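Breakdown of the fold
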Amino acid sequence: MSCNYADGLSPYENKGVLGVPERFEDEEAIKEKCEQLAKMILASERVVVHTGAGISTAAGIPDFRSPNGVWTLERKGLKPTMNVSFNEAIPTKTHMALKALVESGHVKYIVSQNIDGLHLRSGLQRQFLAELHGNMYVEQCNKCHRQFVRNTPAPTVGQKETGGICKGAANSRPCRGGRLIDTILDWEDGLPEKDLDISYMESTLADLNICLGTTLQIVPSGNLPIKNKKQGGKVVICNLQPTKHDKKADLIISTYVDDIMVRVLKKLGLELLEYSPESDPTTFEPQFMPDWTISSDQVKNLEKIYNAKVKERREMNKKKRPNDKSDEVDEKKSKILIKTEEIIEIE
């Protein structure tokens, strides 16, 4: 099914670095590093996790740039042999571990590049998740811009009409004339503003950014995890292939992400949750259409925290360097970048 999704995208030549060999560390190194990651999580006040296609391969959904990825094989004129439909796939151990970490307060926010809807289907609440490239199980009104959960994958990609009509929110009157479109981005579509704004601010504020199953090739998504480095934050990369930000990482773990997350959960004394259809919004009756819209208040409240931190940092740096205005310039650049960076690739 992910191959069908890929086939629905517009032709695009620059699909990034493909087919780089995977690397696996030995058992002793993995054990030590997972213990270190658990300690880093405990020592951090604000942890943000960035997820890519690699966290869904255990569900039977192929990734894109690994040796057996969709784009890698496409270059050879081949298709992946592993290709479970989105309907058949269920959240992996990593998806369920992240839900447990969020509910326990160890993880503040999750920024995902994935369109497979498995974070949503794990039962993770919208206020803890940004979906930078869309969601196969979410459609949006082209008029009021509210988002709603579907109980089947969208029949289209590229923000096209799915055939539905907006019925408005649960406590408001129907939207007049609004038609529903899919939320899946095509190659050069702009990222959803609220998702991107929150992702940028959360990534910058994070004491610790953790990357799971992504080569970080896409911009701006792939650059978000290092936004906290200037503030003294730390970055952990868990991926089988090398990434462009490996040199900036404080810790790199090279093995399957499911193995990492199970070990980390155990070290933190948390139970790995099981997938439950009762907690999966896509199993609800179609007439209910759960709302999946990011609240404007959530963005405003985070902006207050972000701006306060920016001001605090500026004042501290003024005391250290009275005549240096570089931080003020950097912050202005950052505010411009968050509005203007465009998607180049889709992972």
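Residues numbered from 1 in each chain as written. Predicted model: local features only at pLDDT ≥ 70, side-chain atom pairs only at ≥ 80, totals over all residues. Heavy atoms only, no water.

1. Topic: helix α8 (residues 296-320)
Between the first and last C-alpha of α8 there are 36 Å, a value that for 25 residues agrees with the 36 Å anticipated at 1.5 Å per step. Residues Val299, Leu302, Tyr306, Val310, Arg313 and Asn317 constitute the buried set of α8. (Helix = DSSP H or I, 4+ residues; strand = E, 2+ residues; numbered from the N terminus. Expected span 1.5 Å × (residues − 1). Buried < 20%, exposed > 50% of the residue type's maximum accessible area, 1.4 Å probe, protein only.)

2. As for the packing of helix α4 (residues 93-103) against helix α7 (residues 257-267)
Axis separation between α4 and α7 bottoms out at 8 Å; the angle between their running directions is 30 degrees. In terms of axis orientation, α4 runs roughly parallel to α7. In the packing of α4 onto α7, the handedness of the crossing is left-handed. Here α4 contributes Lys93, Thr94, Ala97, Leu98, Ala100 and Leu101 to the contact with α7, which in turn contributes Val257, Asp258, Met261, Val262 and Leu265. (Axes fitted to C-alpha atoms, helices over the stretch in contact; angles between N-to-C directions. Parallel < 35°, antiparallel > 145°, perpendicular 65-115°, else oblique. Left-handed = near helix turned anticlockwise from the far one by under 90°. Contact = heavy atoms within 4.5 Å.)

3. Considerations on the sheet that holds strand β7 (residues 179-182)
Read from one edge to the other, the open sheet built from four strands follows the order β5-β4-β7-β6, with strand pairing classed as antiparallel. Among the strands making up the open sheet, the edge pair consists of β5 (147-149) and β6 (161-165). With direction set aside, neighbouring strand axes in the sheet form an average angle of 35 degrees. (Pairing = 2+ DSSP bridges.)

4. Considering the packing of aromatic side chains
Summed over the entire model, instances satisfying the criterion amount to two aromatic pairs. Measuring from centroid to centroid gives 6.4 Å for Tyr200 and Tyr306, while their planes differ by 65 degrees, and the two rings are edge-to-face. On the criterion of sequence distance, the pair formed by Tyr200 in helix α6 (residues 193-205) and Tyr306 in helix α8 is long-range, its members being 106 residues apart. Look at Tyr200 and you get buried, because its relative accessible area is 5%. (Phe/Tyr/Trp six-rings, centres within 6.5 Å; stacked < 30°, edge-to-face > 60°.)

5. What about the layout of surface pockets?
Reported here for the second largest pocket is a volume of approximately 560 Å³. If you go around the second largest pocket, you meet 29 residues; those closest to its centre are Glu22, Thr57, Asp63, Ser66 and Leu240. Its residues assigned to classes, the lining of the second largest pocket comprises 12 nonpolar, 11 polar and six charged. (1 Å grid on protein atoms, 1.4 Å probe; cavity = no way out; pocket = protein on both sides within 12 Å on 5 of 7 lines; lining within 4 Å. Points joined across faces, edges and corners; volume = space filled by probe spheres on them. Nonpolar A, V, L, I, M, F, W, Y, C, P; charged D, E, K, R; others polar.)

6. With respect to the environment of Val310
Position of Val310 relative to the elements: it lies in helix α8. The class of Val310 is buried, set by a relative accessible area of 11%. As a C-alpha pair, Val310 and Gln231 span 79 residues in sequence and 9.8 Å in three-dimensional space.

7. What about empty space enclosed by the protein?
Inspection of the entire model under this criterion finds four cavities of 30 Å³ or more. Empty space within the second largest cavity amounts to approximately 50 Å³. Along the walls of the second largest cavity sit Leu37, Ile41, Val49, Leu98, Leu101, Val107, Ile210, Leu212, Met261 and Val264, which together make up its complete lining. Only α2 (27-42), α4, β8 (208-212) and α7 provide two or more residues apiece to the lining of the second largest cavity. When grouped by side-chain class, the residues that make up the lining of the second largest cavity number 10 nonpolar, no polar and no charged.

8. Examining the nonpolar core
If you look at the biggest cluster of nonpolar residues, it comprises 35 residues, and the most contacted ones within it are Leu37, Ile210 and Leu212. Listed by contribution, the elements that provide at least two residues to this core are α2, β1 (47-51), α4, β8, β9 (234-238), β10 (251-253) and α7. It is α2 that provides the largest number of residues to this core, a total of six residues. Setting aside chain neighbours within four positions, we find Leu37 in contact with Ile210, Val236, Cys238, Leu251, Ile253, Ile260 and Val264. Membership of the second largest hydrophobic core comes to 21 residues, among which are Tyr12, Val70, Phe86 and Ile115. (Core = buried A, V, L, I, M, F, W, Y, C linked by side-chain atoms within 4.5 Å.)

9. Some details on the pairing of strand β4 (residues 138-141)
Two strands pair when backbone bridges link them, and β4 and β5 are joined in this way by three bridges, in the antiparallel orientation. Looking across to β5, one finds that Gln140 is bridged to Gln147. In textbook terms, the turn of a hairpin is the stretch between consecutive antiparallel strands, and for β4 and β5 this stretch comprises five residues, one of which, His145, has a positive phi near 70 degrees. By the bridge criterion, three bridges tie β4 to β7 in an arrangement that is antiparallel. For Cys141, the partnering residue across the bridge sits in β7 and is Leu180.

By themselves, these are just geometric observations and shouldn't be taken as functional.
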